[in-house]
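Notes for the structure review
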Amino acid sequence: MVKRISLMILVTFVALEVQAQQGDTVAEVVVRGNQRVSTDAITSAMRTKVGGPYQPRLLLEDQQTLQALPFFSDVKVFAEQIEPNKWRVVVQVVEWPLIKKIVIEGVSLFSEEEVKGKLRNKEGAPFDPRFLAGDAREIIRMYREKGYFATVEKYEPSDGDPETVVVEIREVRVRNIVVNGLTKTKRSVIEKLTDTRPGSLFHQPTWGQDLRRLWDTQFFESLEPDSQEPEAGLVDLILNVREARTGMFNAGLSVDPRNRLAAMVSLSETNLYGTGKSVSLFLLQSAQGLGTSFSIDYNDPFVDRKRSTFGVSLYSRESLVFGQGFFGGGGFQLDSRFSQRRTGAR
């Protein structure tokens with residue numbers, strides 16, 4: 001049935017063309033709706049001419065030709081029979097309006113004037129749709145040059161006021177930061193180590209610095225970043241981590257310069273209870289004569305949001321001091337040694 005109808009339409013169209021070629025002519029071409037573009041400019045772009053044969057097929061071609069010009073938002077070309085074998089061709093156009101105002105929406109990183117400077121459509125000039133794609137690329141490039149991301153969601157005359165052009169920009173923001181794989185390190189430590197925040201504009205260089213800062217803590221054996229875009233303009237930043245061992249214990253023997261044995265024990269933890277704080281203990285006990293030497297160190301790298309560091313060290317160390325002196329006028333050399341203990345805090 002569909003094939004039969006299509007065939008009938010085709011036969012009818014061919015019949016009209018044949019009929020038109022048998023004597024129908026274009027008596028006049030009427031242009032309506034043009035204000036700045038002259039009638040001669042419009043008719044000269046058309047294949048349909050006054051006095052020429054009336055061909056319905058050319059009307060569609062002329063409409064497509066005029067619509068492709070940058071002057072019109074809408075074009076309709078149709079014919080009216082005014083007497084036998086004579087036709088009036090009507091061209092109804094809607095010109096793009098003169099731009100009285102350009103409104104920039106959704107921008108927080110740049111000023112409106114900075115964005116307008118990237119547009120080739122200017123206030124006081126006719127709106128030109130040929131500029132749309134290129135202007136949008138320039139706006140996106142402006143963001144990317146500073147490490148940010150954005151899309152141009154709208155760039156067209158306003159529906160309510162055609163003389164106002166609206167440029168709507170969607171800046172990409174961080175919706176959430178998801179950390180998978182934490183078993184010891186507290187989430188608050190991740191937040192203290194990163195400057196990227198949910199709700200803020202996504203800044204790629206800042207996120208890169210955050211990742212390097214996390215890796216430099218040596219809390220993690222692996223750190224794999226990922227991202228998802230749950231909806232336009234929002235990004236979820238994802239970190240898949242595997243935590244490393246941060247505690248260390250050492251015990252052993254050492255020999256001092258006088259070949260005396262000493263026992264040594266050290267204990268350290270660089271991520272105390274998953275808080276990012278560090279503590280270490282060192283003990284040294286001589287086997288002959290000297291007392292116990294020790295040191296205790298504590299460090300908190302997150303005193304405030306500026307990542308100010310607080311550290312304290314307590315120590316008490318005893319060491320041997322060796323020296324030589326000369327006794328009497330005969331120049332007898334005398335070897336001397338004594339122990340010295342230093343105790344304090346810093």
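The structure presented is a predicted model; accordingly, all values stated were derived computationally and were not measured.

Overview of the overall build of the chain
When you go through the chain residue by residue, the secondary structure sums to seven helices and 15 strands. For the chain, with 346 residues in total, the buried portion stands at 31%. About 21,200 Å² of surface is accessible on the chain, with carbon and sulfur atoms providing 54% of the total.

Thoughts on the pairing of strand 3 (residues 86–95)
By the bridge criterion, seven bridges tie strand 1 (residues 25–32) to strand 3 in an arrangement that is parallel. Looking at strand 3, one finds that Val30 is bridged to Val90. Pairing geometry for strand 2 (residues 72–83) and strand 3, over ten bridges, is antiparallel. Bridge pairing in strand 3 places Lys76 opposite Gln92. Linking strand 2 to strand 3, which pair antiparallel, is a turn of two residues; within it Asn85 sits at a positive phi near 65°.

Observations concerning the nonpolar core
Phe202, Trp207, Leu214, Phe220, Leu223, Leu237 and Leu239 are the most contacted members of the largest nonpolar core, which totals 19 residues. Contributing elements (two or more residues each) for this core: strand 7 (173–180), helix 6 (187–193), helix 7 (204–216), strand 8 (220–231) and strand 9 (234–243). Setting aside residues up to four positions removed in sequence, Leu237 forms contacts with Val174, Asn176, Ile177, Val178, Thr196, Phe202, Trp207, Asp226 and Ser227. The next biggest cluster of nonpolar side chains, apart from the first, holds 18 residues, and it includes Ile104, Met142, Val167 and Ile169.

Some points on the pattern of salt bridges
Enumeration according to the criterion identifies 21 salt bridges in this entry. Among the ionic pairs, Glu171 bridges to Arg173, the shortest N-O distance being 3.8 Å. Judged by its relative accessible area of 29%, Arg173 is partly exposed. Ionic contacts of the salt-bridge type, sharing partners, join the residues Asp195, Asp210, Arg213 and Arg307 into one network.

Looking at the packing of aromatic side chains
This structure, assessed with the given rule, holds seven aromatic pairs. Ring centres 6.0 Å apart and planes at 75° place the aromatic pair Phe71 and Phe72 in the edge-to-face group. Under the relative-accessibility criterion, Phe72 is labelled buried at 1%. An angle of 15° between the planes, with centres 5.9 Å apart, marks the rings of Phe149 and Phe202 as stacked.

Details of the sheet that holds strand 5 (residues 150–157)
The three strands are arranged 4-6-5 in an open sheet whose pairing can be described as mixed. Bordering the open sheet on either side are strand 4 (101–105) and strand 5, each of which pairs with just one other strand. Averaged over all pairs of adjacent strands, the angle between strand axes in this sheet comes to 15°, irrespective of strand direction. Note that strand 5 and strand 6 (residues 164–171) share seven bridges and pair antiparallel. Looking at the pairing, Thr151 lines up with Arg170 of strand 6. Across the face of the sheet, helix 5 (residues 132–145) comes into contact with strand 5 and strand 6 while running at roughly 145° to strand 5.

Comments concerning helix 3 (residues 56–67)
Helix length check: helix 3 (twelve residues) gives 17 Å between terminal C-alpha atoms against 16 Å at 1.5 Å per residue, within 8%. Among the residues of helix 3, Leu58, Leu59, Asp62 and Leu66 are the ones counted as buried. End-on view of helix 3: buried residues confined to an arc of 110°, all on one side of the axis. Exposed and oriented more than 90 degrees from the buried face of helix 3 are Leu60 and Gln64. Buried residues belonging to helix 3 abut helix 2 (39–44), strand 2 and strand 3.

Things to note about the side chain of His203
In this fold, His203 is placed in the loop between helix 6 and helix 7. If near-sequence neighbours (up to four positions away) are discounted, His203 is found in contact with Lys146, Gly147 and Tyr148.

Considerations on the confidence of the model for the chain
Summary statistics for the chain give a mean pLDDT of 87 and a share of 84% for residues scoring 70 or more. For the stretch residues 1–16, pLDDT sits under 50, and the model shows one contact to residues farther than four places along the chain or on other chains.

Each value, and the rule that gives it
- Residues numbered from 1 in each chain as written.
- Predicted model: local features only at pLDDT ≥ 70, side-chain atom pairs only at ≥ 80, totals over all residues.
- Heavy atoms only, no water.
- Helix = DSSP H or I, 4+ residues; strand = E, 2+ residues; numbered from the N terminus.
- Buried < 20%, exposed > 50% of the residue type's maximum accessible area, 1.4 Å probe, protein only.
- Areas by Shrake-Rupley, 256 points an atom, 1.4 Å probe, with all protein chains shown as cover.
- Pairing = 2+ DSSP bridges.
- Core = buried A, V, L, I, M, F, W, Y, C linked by side-chain atoms within 4.5 Å.
- Contact = heavy atoms within 4.5 Å.
- Salt bridge = Lys/Arg side-chain N within 4 Å of Asp/Glu carboxyl O.
- Phe/Tyr/Trp six-rings, centres within 6.5 Å; stacked < 30°, edge-to-face > 60°.
- Axes fitted to C-alpha atoms, helices over the stretch in contact; angles between N-to-C directions.
- Expected span 1.5 Å × (residues − 1).
- Arc of directions from axis to C-beta.
- pLDDT = per-residue confidence, 0-100.

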